[in-house]
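Remarks on the overall topology
Here's the letter readout for the chains.
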Amino acid sequence: MNGGPPPPPRPEWAYFFDIDGTLAALAPTPDEARPSSEVLARVATLVHRTGGAVALVSGRPLREIDAMFPGLAIPAAGQHGAERRDAAGRVTRLALPAAPLAMAHDELARVVVRHPGLLLEPKGFSLALHYRAAPHLASFAHRTMRALQRRLGAEFVVQAGKRVVELVPASSDKGVAIRAFLADAPFRGRTPVFLGDDVTDEHAFAAVNALGGHSVKVGPGPSGARWRLASVAAVCAWLPAA
């Protein structure tokens, strides 16, 4: 990691952004997190200056991404790439059996009732168990998800984040999603740039590094990213002003 801030944005690059902890400050619950009006304005400016070569790559479902960025309707990958909307508006989703995830959902719903402070977030193709309001239950939450993953089998993996642990499809991650975007216009042939803040973003950092792009870690902590910005506010300041 270089450790310093990345080079200033250039209009010929392709940009990919995580949301929570990168474009929006973390909040006690996912529903409370929102990008500021300044961030929204600066992302819109970047979309205009790059000819649309900007995409959001998040653990959230597409419907939540669109709600957080109203009126923007840009390419996006949701649920760590399990669903993806390209620049033409086409949406592709993984084909996964519904029964195993429904079983896991029902079991986690019972766990949450028994352990106040835990929050279950069903996303469609994945399940997130948040323990931000009950950090003392961190080990329990991770053990619970690992046990469920063993029952679900190789189609799902456990993915840790900031006071959250998820069951996600094994065949998709943020790096895979970015490579898919880069195969099509307006991203094709451009230098990729990805900004993210969490362990779940390391796949994307690795993909961007392998492609000779700019990977940017937001906030503290070890990372494979080449550059660093200190906070969501620093990301906002780095983005081009209107």
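Before going into details, it helps to say that this report is about the structure given with it. (Residues numbered from 1 in each chain as written. Predicted model: local features only at pLDDT ≥ 70, side-chain atom pairs only at ≥ 80, totals over all residues. Heavy atoms only, no water.)

With that settled, consider the packing of helix 3 (residues 98-114) against helix 4 (residues 138-152). Where helix 3 contacts helix 4, the axes come no closer than 10 Å and their chain directions differ by 155°. Put simply, helix 3 runs roughly antiparallel to helix 4. The chirality of how helix 3 crosses helix 4 is right-handed. In contact with P100, L101, M103, A104, E107, L108 and V111 of helix 3, helix 4 contributes F140, T144, M145, L148, R151 and L152. Split by residue class, the contact of helix 3 with helix 4 holds 10 nonpolar, one polar and two charged. (Axes fitted to C-alpha atoms, helices over the stretch in contact; angles between N-to-C directions. Helix = DSSP H or I, 4+ residues; strand = E, 2+ residues; numbered from the N terminus. Parallel < 35°, antiparallel > 145°, perpendicular 65-115°, else oblique. Left-handed = near helix turned anticlockwise from the far one by under 90°. Contact = heavy atoms within 4.5 Å. Nonpolar A, V, L, I, M, F, W, Y, C, P; charged D, E, K, R; others polar.)

All right, on to the pattern of salt bridges then. Counted under the stated rule, the structure contains 12 salt bridges. Ionic pairing is found between R10 and E12, a salt bridge with its closest N-O pair at 2.5 Å. Exposure remark for R10: the relative accessible area of 43% places this residue in the partly exposed category. One salt bridge connects D18 with K174, and the closest N-O pair in it is separated by 3.1 Å. Of this pair, D18 sits in the loop between strand 1 (14-17) and helix 1 (37-49) while K174 sits in helix 5 (residues 174-182), placing them 156 residues apart in sequence. Each member of the pair, D18 as well as K174, carries the same accessibility label: buried. Salt bridges here are not isolated pairs; linked through shared partners, they connect D18, K174 and D201. (Salt bridge = Lys/Arg side-chain N within 4 Å of Asp/Glu carboxyl O. Buried < 20%, exposed > 50% of the residue type's maximum accessible area, 1.4 Å probe, protein only.)

Another aspect to go through is the environment of F17. With respect to the helices and strands, the residue F17 is situated in strand 1. Spatially, the C-alpha atoms of F17 and V43 are 9.8 Å apart, while their sequence positions differ by 26 residues. With near-sequence residues (within four places) excluded, F17 lies in contact with L23, L46, V54, A55, L56, V57, F194, L195, W238 and L239.

Before going further, it helps to spend a moment on the sheet that holds strand 4 (residues 83-85). Read from one edge to the other, the open sheet built from eight strands follows the order 5-4-3-2-1-10-11-12, with strand pairing classed as mixed. Both outer strands of the open sheet, strand 5 (91-93) and strand 12 (227-229), are each paired with one neighbouring strand and no more. Here the average twist between neighbouring strands, direction ignored, is 15°. Contacts from helix 5 reach strand 1, strand 2 (54-57), strand 3 (76-78), strand 4 and strand 10 (192-196), with the element oriented near 160° to strand 2. (Pairing = 2+ DSSP bridges.)

Looking now at the environment of V216. Along the chain, V216 turns up in strand 11 (residues 214-218). By relative accessible area, which is 0% here, V216 ends up buried. C-alpha of V216 to C-alpha of G196: the two residues are 20 residues apart in sequence and 6.5 Å apart in space. Discounting residues that sit within four places of it in the chain, V216 has contacts with P6, F194, L195, G196, F205, A225, W227, R228 and L229.

The tendency in soluble globular proteins is for nonpolar side chains to be buried side by side. Counting residues in each nonpolar core, the largest one holds 28 residues, and the members touching the most others are Y15, F17, L23, L56, L195, W238 and L239. Broken down by secondary-structure element, the contributors of at least two residues to this core are strand 1, helix 1, strand 2, helix 2 (62-68), strand 10, strand 11, strand 12 and helix 7 (232-238). In terms of residue count, helix 1 provides more of this core than any other element does, four residues in total. Setting aside chain neighbours within four positions, we find W238 in contact with P6, P7, P8, P9, Y15, F17, V193, L195 and L229. Core analysis: the second largest hydrophobic core is formed by 19 residues, A104, A141, L148 and V165 among them. (Core = buried A, V, L, I, M, F, W, Y, C linked by side-chain atoms within 4.5 Å.)

Taken by themselves, the reported measurements are silent on function.
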